[in-house]
Amino acid sequence: MSYLYPAMIVALIGLVAGVILTVAAKFMAVPVNEKVGELRDALPGANCGACGFAGCDAYAEAVAEGKECTLCPVGGSAVAEKLAAIMGVEAGSTEPKIFRVTCKGSHTHAKIFSEYDAEIKSCKAANQLYGGNKVCEFGCLGLADCVKACEFDAIHIKDGVAVIDEDKCVACGQCAKACPKHLISDAPKKKLVFVGCSSTHKAPDAMKACKVACIGCKKCVAACKFDAIHVNDFLAKVDYEKCVNCGACVKACPTKALVNRRKKPVPKKPVAANAQSA
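In this report, the structure presented in the accompanying data block is examined.

What counts, and at which threshold
Residues numbered from 1 in each chain as written. Predicted model: local features only at pLDDT ≥ 70, side-chain atom pairs only at ≥ 80, totals over all residues. Heavy atoms only, no water. Pairing = 2+ DSSP bridges. Helix = DSSP H or I, 4+ residues; strand = E, 2+ residues; numbered from the N terminus. Axes fitted to C-alpha atoms, helices over the stretch in contact; angles between N-to-C directions. Parallel < 35°, antiparallel > 145°, perpendicular 65-115°, else oblique. Left-handed = near helix turned anticlockwise from the far one by under 90°. Contact = heavy atoms within 4.5 Å. Nonpolar A, V, L, I, M, F, W, Y, C, P; charged D, E, K, R; others polar. Buried < 20%, exposed > 50% of the residue type's maximum accessible area, 1.4 Å probe, protein only. Patch = residues over 30% accessible without salt bridge, like charges linked within 9 Å, V, L, I, M, F, W, Y side chains within 5 Å. Areas by Shrake-Rupley, 256 points an atom, 1.4 Å probe, with all protein chains shown as cover. Salt bridge = Lys/Arg side-chain N within 4 Å of Asp/Glu carboxyl O.

### Topic: the pairing of strand β3 (residues 161-164)
Along a regular strand, successive side chains alternate from one face of the sheet to the other.
So, point 1. Note that strand β2 (residues 155-158) and β3 share 4 bridges and pair antiparallel. Considered in β3, the bridge of K158 is made with V161.
So, point 2. The antiparallel pairing of β2 with β3 creates a hairpin that spans 2 residues between the two strands, and D159 there sits at a positive phi of about 55°.

Rendered as structure tokens:
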């Protein structure tokens, strides 16, 4: 009997605590938007943060609260339409984007003043040590921080400089965040011309550091009939609101610092003589 009363008291306390917790849970419960789950399932699950939110879960909650449906670059217009259908709103327009590396300073073109130490295995570390080993302080460091950051195998190091595979790039922007030199940026995918250089040095210094550097000569400006390219601080910049993809600036560039992303057509295979006669 000496154990009965303490046990009853503990049981009573537990019962009272349970009732209090049940009542509190009912009155303090946070309403759950049932659409969040549907929105989350419609998203690609990349969790890249390119939409401006911490991940797909956070973006789904934001859309449920009224945020626009067009912020997922990985899913593009297809995902935007799904999100809009769930929310019962118009999808709106989403313009596909592509990321570009604004440096062409490969081993073939750019000069270096020293080899990397074996201990330096990242662009971030190299950048903290004299800004890297290239004479051009704006050059790609080529130690693949961007490659490691990309979950889509869309960027690789070729001849010491990062190159983006446009067929795989989903414009998530993780490569841009990983680049300590800030050489990777986005632009509308339909715009084909960009400046493959970030140097603001004067022409003599720029050319000493890299054979394909922009030298601020303004020949591209003179060639453009649409006022779509200008030079500031010895560096050309394309105005994508005006650019019509004519490529005249690319042809005029004496150092080939300007890039035309237009893919060259695959040459047709010659037809055999016997096949023609047949």
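### Examining the packing of helix α2 (residues 35-42) against helix α4 (residues 76-87)
So, point 1. Viewed as axis vectors pointing N to C, α2 and α4 meet at an angle of 165°, and their least axial separation amounts to 9 Å. With respect to their mutual orientation, α2 and α4 come out roughly antiparallel. As for how α2 packs across α4, the hand of that crossing is right-handed. For the pair formed by α2 and α4, the contact residues are K35, E38, L39 and A42 on the first element and V79, K82, L83, I86 and M87 on the second.
So, point 2. A class-by-class count of the residues in the contact of α2 with α4 yields 6 nonpolar, no polar and 3 charged.

### So, unusual backbone geometry
So, point 1. With a phi angle near 60°, H182 is a residue other than glycine that sits in the positive phi range.
So, point 2. Structurally, H182 can be placed in the loop between α7 (174-178) and β4 (184-188).
So, point 3. You can call H182 exposed: its relative accessible area is 65%.

### As for a nonpolar patch on the surface
So, point 1. Together, L12, L15, V16, V19, I20 and V23 give the surface a local cluster of nonpolar side chains, amounting to about 540 Å² of exposed area.
So, point 2. Tracing the sequence through the fold places V23 in helix α1 (residues 4-27).

Spatial relationships are all this shows, so hold off on functional conclusions.
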